[in-house]
There are 2 protein chains.
Amino acid sequence: MSTQPGQNSSRNRLHIAVDAMGGDAGPEVTIPGVALFLDQAADDVDISLFGDKTQIQPHMASLQAQAHRVTVHHTAETVAMDEKPAQAIRRRETSMALAIKAVKEKTAAVAVSAGNTGALMAVAKLGLRTMPGIDRPAICASWPSPEGMGAVLDVGANVECSAEQLVEFAIMGEAFHRAVHGKAKPTVGLLNIGTEDVKGHDEIKRAAKLIRDCGLDMDFRGFVEGDGISLGHTDVIVTDGFTGNVALKTAEGAARLIAHYVREAYSESVASKMAAVASMGVLKRIKERLDPSRVNGGVFLGLNGVVVKSHGGTDAKGFAAALTVANQMAHSQFADEIAKNLNRLEDVRGLPTESVM
Amino acid sequence: MSTQPGQNSSRNRLHIAVDAMGGDAGPEVTIPGVALFLDQAADDVDISLFGDKTQIQPHMASLQAQAHRVTVHHTAETVAMDEKPAQAIRRRETSMALAIKAVKEKTAAVAVSAGNTGALMAVAKLGLRTMPGIDRPAICASWPSPEGMGAVLDVGANVECSAEQLVEFAIMGEAFHRAVHGKAKPTVGLLNIGTEDVKGHDEIKRAAKLIRDCGLDMDFRGFVEGDGISLGHTDVIVTDGFTGNVALKTAEGAARLIAHYVREAYSESVASKMAAVASMGVLKRIKERLDPSRVNGGVFLGLNGVVVKSHGGTDAKGFAAALTVANQMAHSQFADEIAKNLNRLEDVRGLPTESVM
């Protein structure tokens with residue numbers, strides 16, 4: 001197999017490394033996803049596809065006119081959706097590991113996989129290592145609101161987080177939001193169970209104080225409650241991976257419950273069924289807005305290279321959305337911006353604890 | 001003032017002590033709420049209303065034919081919505097404290113207040129003390145799902161919880177669900193970020209093992225993820241007060257976001273506005289199902305007496321819903337059931353730690 005992605009392209013083109021085998025459906029979804037993405041992406045980006053060519057080949061036709069922008073790098077090894085992280089990291093020739101390796105070797109700007117989260121995080125950490133000044137990577141999710149798109153992190157990489165880690169997440173999340181959503185000065189909040197200073201865990205209170213004290217170049221708004229995430233008054237919501245994961249999945253569950261109520265109400269009677277027909281266009285638009293694939297792509301932040309995790313059960317449209325996020329990250333000054341604020345944090349860390357507390 | 005509620009009623013009638021002054025609107029909401037509740041409640045329950053009679057009097061007319069079931073107990077003192085718990089517990093003659101006192105003295109079966117949560121919990125703990133065998137009380141919320149109504153606890157009383165506390169919450173939540181929702185054998189799950197045994201905090205893993213090992217009379221289903229709450233596959237969801245509060249508020253926020261999308265989609269064009277007219281009845285039913293007042297009433301569990309906390313910003317319908325929950329609790333064998341399972345837990349606690357771990 002080749003490890004020289006984009007060998008047919010000019011040097012200043014951008015490459016996205018794609019684990020073609022990841023996700024519940026593998027190439028059946030990832031390759032049509034690549035096709036959808038390339039159809040709407042600028043012409044400066046190409047795809048390096050890692051995976052089993054016998055399984056990839058049947059789906060290459062979906063690329064149509066975009067086929068020249070895709071290079072296939074064969075490997076027969078794949079990471080199973082239920083494979084333990086400890087096992088996955090031992091196998092260096094999986095489609096997942098090779099996609100990460102392409103980022104490490106800078107033959108790709110970013111990697112995308114719909115493979116299992118635990119394995120992908122372990123493989124990415126081993127391959128890319130954490131950024132200087134970052135203790136642990138975090139998974140950042142995009143969250144819709146009436147104000148546009150917010151960012152929530154961590155949504156699952158770290159069950160418990162220190163105040164210092166939360167501050168690192170704030171720095172990374174703020175840079176991520178600017179990179180992907182283009183707002184010059186995103187607002188940042190810490191997820192808590194009240195907005196008063198006395199509420200919450202010690203680590204959250206300490207994190208708030210740290211952010212305020214160390215003069216970060218950041219529009220920090222203090223504590224945000226759970227309902228504040230969807231209200232969108234704050235662009236970046238920082239939390240530990242346990243709380244963030246529960247919040248994300250709870251919101252998904254609530255959305256499904258409401259969709260259930262809507263279906264039920266519209267099929268209750270002849271009159272309501274007629275109303276459903278009249279509302280067909282409207283209901284379709286609502287459904288599109290609630291479509292989880294629209295905001296697909298948890299981004300691993302804090303590694304020496306960006307990795308985007310697509311939902312394992314996504315469809316082609318959702319996989320294309322993950323590729324779009326990856327592309328935005330690849331075009332951004334994300335790493336430089338984080339480094340700038342991390343330096344400010346390091347200055348404070350150097351001080352004796354008393355002066356921080 | 002009188003501290004003998006229900007002095008005009010026969011001995012086997014049930015009394016609910018109501019803090020008439022609690023909530024953002026006070027008697028303007030609580031008394032019409034009492035009226036709505038009494039209109040549909042069985043005739044075996046009366047209301048003891050605690051508060052400032054000059055403020056109560058103007059609203060008594062809303063009771064109409066039910067006025068004979070309501071006794072007013074005057075006190076001029078009230079707990080402010082932003083009053084610190086430490087301050088609230090020092091004032092023994094507030095409408096809140098007197099409602100709790102009525103439960104303590106068994107002149108009322110249960111107390112209801114829309115006052116501030118922190119103050120109410122502090123006053124209730126001081127007045128009623130925790131049940132034998134219970135370390136800390138919890139706040140239990142009702143949560144709608146396609147399967148009916150679930151119970152989630154703790155949603156805010158305890159920021160951090162030990163494994164033993166989580167097991168106590170499981171026992172209390174299960175008894176609560178049976179008391180209020182009438183299912184003979186509610187299923188119980190622990191909120192976590194995955195369903196595998198290796199996932200989550202140590203305390204959660206220890207709690208799961210404790211429940212399994214100590215032979216509780218409980219249908220325990222292991223770990224449940226955030227989206228599982230609204231799916232309703234598990235009746236009782238147990239978590240610490242930080243995570244539970246974030247989950248509850250996040251779901252409320254998600255519901256509001258979706259309502260926003262629906263409004264937006266139905267007002268986009270002339271055609272969508274016409275569809276909205278055709279859907280008026282359906283949309284009204286959906287709105288009713290999502291109405292937070294329908295599930296109003298966080299219940300304080302684990303004290304020597306039941307206290308129901310209504311949402312501070314509720315309307316009369318919501319306050320009536322809180323009274324209904326209180327009434328169901330008062331009619332149940334809640335305390336006896338908890339005691340039964342707590343005894344089993346005590347047996348295990350007596351063993352050396354090794355045999356539990």
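Residues numbered from 1 in each chain as written. Chains lettered and ligands numbered in written order. Predicted model: local features only at pLDDT ≥ 70, side-chain atom pairs only at ≥ 80, totals over all residues. Heavy atoms only, no water.

Caption draft 1: Seen up close, the pairing of strand β11 (residues 306–309) of chain B. All names here are of chain B. Here β11 shows no split at all, with Val306 and Val308 on one side and Val307 and Lys309 on the other all buried. With 4 bridges connecting them, strand β4 (residues 110–113) and β11 associate as parallel partners. Pairing of Ala111 across the sheet is with Val307, part of β11. Connecting strand β10 (residues 298–301) to the next strand, β11, in antiparallel fashion are 4 residues, including Gly302 with a positive phi near 105°. (Buried < 20%, exposed > 50% of the residue type's maximum accessible area, 1.4 Å probe, protein only. Helix = DSSP H or I, 4+ residues; strand = E, 2+ residues; numbered from the N terminus. Pairing = 2+ DSSP bridges.)

Caption draft 2: Quick peek at the pairing of strand β11 (residues 306–309) of chain A. Sheet topology note: the strand β10 (residues 298–301) of chain A/β11 of chain A ladder contains 3 bridges and is antiparallel. In the sheet register, Val299 of chain A faces β11 of chain A, and the bridge partner there is Val308 of chain A.

Caption draft 3: Region of the structure containing the relation of the copies chain A and chain B. Each copy superposes on the other: chain A lies on chain B with an RMSD of 0.1 Å after a rotation of 180° and an axial shift of 0.0 Å. The operation mapping one copy onto its partner corresponds to a two-fold rotation axis. A share of 100% of interface residues in chain A that are also interface residues in chain B marks the association as one of identical surfaces. (Least-squares fit on C-alpha atoms with pLDDT ≥ 70 in both. Contact = heavy atoms within 4.5 Å.)

Caption draft 4: The arrangement of the state of the cysteines in detail. Under the criterion given, the structure shown has 0 disulfides over all chains. Here Cys161 of chain A is not cross-linked by a disulfide; its sulfur's nearest cysteine counterpart is in Cys140 of chain A, at 13 Å. On the accessibility criterion, Cys161 of chain A (13% relative accessible area) is buried. As a non-bridged cysteine, Cys214 of chain B has Cys161 of chain B as the owner of its nearest cysteine sulfur, 17 Å distant. (Disulfide = S-S within 2.5 Å.)

Caption draft 5: Fine view of the domain arrangement of chain A. Residue and element names in this part refer to chain A. According to the domain assignment, chain A consists of domain 1 (1–128) and domain 2 (133–302 + 333–357). Computed over C-alpha atoms, the centres of domain 1 and domain 2 are 27 Å apart. Domain 1 puts 5 residues into the contact, and the matching count from domain 2 is 6 residues. Approximately 400 Å² of surface area, both sides summed, lies buried where domain 1 meets domain 2, with 89% of it carried by carbon and sulfur atoms. The largest per-residue losses of area from domain 1 upon contact with domain 2 belong to Thr117, Met121 and Lys125, which jointly make up 84% of the total buried on that side. At the boundary of domain 1 and domain 2, one finds 0 salt bridges. The interface formed by domain 1 and domain 2 holds 0 residue pairs in polar contact (both at pLDDT 80 or more) in total. Residue composition of the side of domain 1 that touches domain 2, by class: 3 nonpolar, 1 polar and 1 charged. (Domains from an automatic or database assignment. Buried area = accessible area lost by both parts, 1.4 Å probe. Salt bridge = Lys/Arg side-chain N within 4 Å of Asp/Glu carboxyl O. Polar contact = N/O pair within 3.5 Å; in protein donor to acceptor, adjacent residues only side chain to side chain. Nonpolar A, V, L, I, M, F, W, Y, C, P; charged D, E, K, R; others polar.)

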